[in-house]
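Residues per chain are reported as follows:
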Amino acid sequence: MSGETSGVQSPDIVAARGAALAREKLAQAKADAAKRGQLPRREPRRRSAARRDAGDPQLFGRAIRDLLADRGWEEPLAVGGVFGRWHEIVGPDLAAHTKPETFSEGEVLVVADSTAWATQVRLLASTLVRRLNEELGDGTVQRVKVRGPQNGPRPSGGLRVTGSKGPRDTYG
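Residues numbered from 1 in each chain as written. Predicted model: local features only at pLDDT ≥ 70, side-chain atom pairs only at ≥ 80, totals over all residues. Heavy atoms only, no water.

With respect to the sheet that holds strand β3 (residues 98-104)
- Spatial strand order, β3-β4-β5: three strands in an open sheet with mixed pairing. Bordering the open sheet on either side are β3 and β5 (143-147), each of which pairs with just one other strand. In this sheet, neighbouring strand axes are inclined to one another by 25° on average, regardless of whether the strands run parallel or antiparallel.
- Its contacts with the sheet place helix α6 (residues 115-123) against β3, β4 (107-112) and β5, and it is angled at close to 170° to β5. (Pairing = 2+ DSSP bridges. Helix = DSSP H or I, 4+ residues; strand = E, 2+ residues; numbered from the N terminus. Axes fitted to C-alpha atoms, helices over the stretch in contact; angles between N-to-C directions. Contact = heavy atoms within 4.5 Å.)

Some details on the pairing of β5
- Residues of β5 alternate between two faces, with Val 144 and Val 146 buried on one and Arg 143, Lys 145 and Arg 147 left unburied on the opposite face.
- Alignment of β4 against β5, held across five bridges, turns out to be parallel. Residue Val 111 lies in a different strand from β5, and its bridge partner there is Arg 147. (Buried < 20%, exposed > 50% of the residue type's maximum accessible area, 1.4 Å probe, protein only.)

Comments concerning helix α7 (residues 125-136)
- Here α7 contains twelve residues, and its C-alpha end-to-end distance of 16 Å stays within 8% of the 16 Å for a straight helix at 1.5 Å per residue.
- Buried residues of α7: Ala 125, Leu 128, Val 129, Leu 132, Asn 133 and Leu 136, and no others. Down the axis of α7, the buried set is contained in an arc of 135°. They therefore lie on one face.
- Count one or two residues on from α7 and you reach Gly 137, which has phi positive near 115°. (Expected span 1.5 Å × (residues − 1). Arc of directions from axis to C-beta.)

Description of the pairing of β4
- Burial runs high along β4: five of the six residues are buried.
- Bridge count for β3 against β4 is six bridges, and the pairing is antiparallel. The residue of β4 that forms the bridge with Thr 102 is Leu 109.
- In this structure, the hairpin formed by β3 and β4 is closed by a connection of two residues, where Glu 105 is found at a positive phi of approximately 50°.

Examining the pattern of salt bridges
- Overall, the coordinates contain five salt bridges when judged by the stated rule.
- A salt bridge links Arg 147 to Glu 101; the nearest nitrogen and oxygen atoms lie 3.3 Å apart. Here Arg 147, found in strand β5, pairs with Glu 101, found in strand β3; they are 46 residues apart in sequence, far enough to count as distant.
- We classify Arg 147 as partly exposed; its relative accessible area is 27%. (Salt bridge = Lys/Arg side-chain N within 4 Å of Asp/Glu carboxyl O.)

Some thoughts on the confidence of the model for the chain
- A residue-level look at the chain finds 69% of positions with pLDDT of 70 or above and a mean pLDDT of 76.
- α6 holds the highest mean pLDDT among the elements of the chain, 91, whereas strand β1 (residues 4-5) holds the lowest, 50. (pLDDT = per-residue confidence, 0-100.)

Remarks on the nonpolar core
- Counting residues in each nonpolar core, the largest one holds 21 residues, and the members touching the most others are Leu 128, Leu 132 and Val 144.
- Those elements that provide at least two residues to this core are α3 (74-84), α4 (86-90), α5 (92-97), β4, α6, α7 and β5.
- The greatest single-element share of this core, amounting to five residues, is contributed by α7.
- Setting aside residues no more than four positions away along its own chain, Val 144 makes contact with Val 108, Val 110, Val 121, Ala 125, Leu 128 and Val 129. (Core = buried A, V, L, I, M, F, W, Y, C linked by side-chain atoms within 4.5 Å.)

Considerations on the environment of Lys 145
- With respect to the secondary-structure elements, Lys 145 resides in strand β5.
- Those residues within four positions of Lys 145 in sequence are excluded, and the remaining contacts are Glu 107, Val 108, Leu 109 and Val 110.

Thoughts on unusual backbone geometry
- Positioned with a positive phi, Glu 105 is a non-glycine residue whose angle comes to about 50°.
- Along the chain, Glu 105 turns up in the loop between β3 and β4.

Quick look at the structure:
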């Protein structure tokens with residue numbers, strides 16, 4: 001038998017022919033490049049060992065990173081970036097009713113516009129800590145503190161029940 005049965009070739013024969021064709025095309029490409037004088041380098045390029053002086057120009061991004069590191073502004077900058085992208089990080093529904101207010105010593109203070117949303121954020125606190133640490137680096141945020149609305153009690157009068165806070169009894 002010659003390896004063919006009713007016009008169907010074995011996978012080994014097909015693979016061997018494919019590999020041979022690939023080697024042939026690679027050799028042809030190298031020959032064409034040699035004619036044009038564009039052979040690939042055999043050794044990798046070496047960077048010069050010269051160091052930059054403090055007064056030498058440097059890339060803007062590197063200068064900014066160095067400045068932030070020197071001043072200790074990396075974490076506050078990252079936190080500010082997260083606060084600025086709150087809508088993207090927590091999603092539009094949660095962002096419509098909450099906002100981050102402060103970050104201090106691993107604690108993020110989130111303010112909610114109603115007691116219902118404050119409760120929701122408290123239930124999502126561990127997920128929120130994980131998501132914030134994905135953005136800021138592991139261990140940066142250790143806990144989320146939630147504060148609900150801070151409006152004082154409404155003044156009593158006319159149609160108010162004594163001790164009632166009005167509609168905020170249920171919703172705010």
